[in-house]
Amino acid sequence: AQKVTQAQTEISVVEKEDVTLDCVYETRDTTYYLFWYKQPPSGELVFLIRRNSFDEQNEISGRYSWNFQKSTSSFNFTITASQVVDSAVYFCALDLINQFYFGTGTSLTVIP
Amino acid sequence: GAGVSQSPSNKVTEKGKDVELRCDPISGHTALYWYRQRLGQGLEFLIYFQGNSAPDKSGLPSDRFSAERTGESVSTLTIQRTQQEDSAVYLCASSFTAVTFSGNTIYFGEGSWLTVV
């Protein structure tokens, strides 16, 4: 069964718009970590954020923010005032004991 | 180097030939992963090594795929009798993780782009 679901396959927004990327995960474990990675057109995967299951405090880093809600098993990622350089595929990942599970990714295109 | 290193970065091979892809993890990282990513697709888990434990091979798509790791260092992914469907980028990642639980960031290499013609 899919443990990480990114229902949005592709999203297009116009520059300066806000955009939220959804991530829903599935686990019975009480201890786990959640991650977001960015994959720009160049191909490398870039770590963005890590959040543990005991910390539901939302986080903001510049134009990026993350909303972690255990009640809905969601870890959504919002980019404020999007820029063309934000165009990439974004992956959400769940880290259980000894195994990472990746979502299928959301391809974001920011149109100038 | 400081990051995960993969070679070759690009490989074009004829259908039916064998290929070997190499991954040098970050020094000290006990966990090593191989993923496959076809064009426009998500990440597909292949295999996972953790220290001296038996590897998790549950993601290998067929018996043409195999991987080895020497201790906690270099890993080689081998694809025998390559098929056109094997064309993809093969990503290696490593992390420092305890046996019981990780929670540590995994770091990816730049990938090996394989094209089977």
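Nothing here was measured: the structure is a model prediction, and the numbers come from that model.

Basis of the calculations
Residues numbered from 1 in each chain as written. Chains lettered and ligands numbered in written order. Predicted model: local features only at pLDDT ≥ 70, side-chain atom pairs only at ≥ 80, totals over all residues. Heavy atoms only, no water. Helix = DSSP H or I, 4+ residues; strand = E, 2+ residues; numbered from the N terminus. Rg over C-alpha atoms; globule rule 2.2 N^0.38 Å. Buried < 20%, exposed > 50% of the residue type's maximum accessible area, 1.4 Å probe, protein only. Disulfide = S-S within 2.5 Å. Pairing = 2+ DSSP bridges. Axes fitted to C-alpha atoms, helices over the stretch in contact; angles between N-to-C directions. Salt bridge = Lys/Arg side-chain N within 4 Å of Asp/Glu carboxyl O.

**Q** Account for the overall build of chain A, with residues named and values stated.
**A** Each helix and strand counted, chain A has zero helices and 12 strands in total. Of the regular secondary structure in chain A, the N- to C-terminal order runs β-β-β-β-β-β-β-β-β-β-β-β. On C-alpha atoms alone, chain A measures out to a radius of gyration of 14 Å, which is about the 13 Å that the 2.2 N^0.38 rule sets for 112 residues. Across its three principal axes, chain A shows a C-alpha extent of roughly 40 × 25 × 20 Å. Residues counted as buried form 46% of the 112 residues belonging to chain A.

**Q** Outline the state of the cysteines, listing residues and values.
**A** Residues and elements named next belong to chain A. Under the counting rule described, the total for this entry stands at two disulfides over all chains. Between the sulfur atoms of Cys23 and its disulfide mate Cys92 the distance is 1.9 Å. Across the S-S bond of Cys23 and Cys92 the torsion is about -65°, and the bridge reads as left-handed. Separated by 69 residues along the polypeptide, Cys23 in the loop between strand E3 (19-21) and strand E4 (24-25) and Cys92 in strand E10 (residues 88-96) bring together distant segments of the chain.

**Q** Could you give an account of the environment of Asn52 of chain B, with specific residues and numbers?
**A** Structurally, Asn52 of chain B can be placed in the loop between strand E5 (44-50) and strand E6 (65-69). In sequence terms Asn52 of chain B and Gly42 of chain B are 10 residues apart; their C-alpha atoms lie 29 Å from each other.

**Q** Outline the sheet that holds E6 of chain B, listing residues and values.
**A** All names here are of chain B. The sheet built from four strands is open, its strands ordered E1-E3-E7-E6 with antiparallel pairing. Edge positions in the open sheet fall to strand E1 (5-7) and E6, since each of these has one partner strand only. On average, adjacent strands in this sheet sit at an angle of 15° to one another, irrespective of strand direction. Here three bridges tie E1 to strand E3 (residues 19-24), and the two strands are oriented antiparallel to one another. Bridged to Gln6 within E3 is Cys23.

**Q** Tell me about the pattern of salt bridges, and name the residues and values.
**A** All names here are of chain A. In the structure shown here, the tally under the stated rule is six salt bridges over all chains. For Arg51, the salt bridge identified is with Asp55, shortest N-O distance 3.6 Å. On the accessibility criterion, Asp55 (27% relative accessible area) is partly exposed. Note that Asp86 is salt-bridged to Arg63, the shortest N-O span being 2.8 Å. Of this pair, Asp86 sits in the loop between strand E9 (74-79) and E10 while Arg63 sits in the loop between strand E7 (59-61) and strand E8 (64-69), and the two are 23 residues apart along the sequence.

Geometric descriptors of this kind do not, in isolation, establish any biological role.
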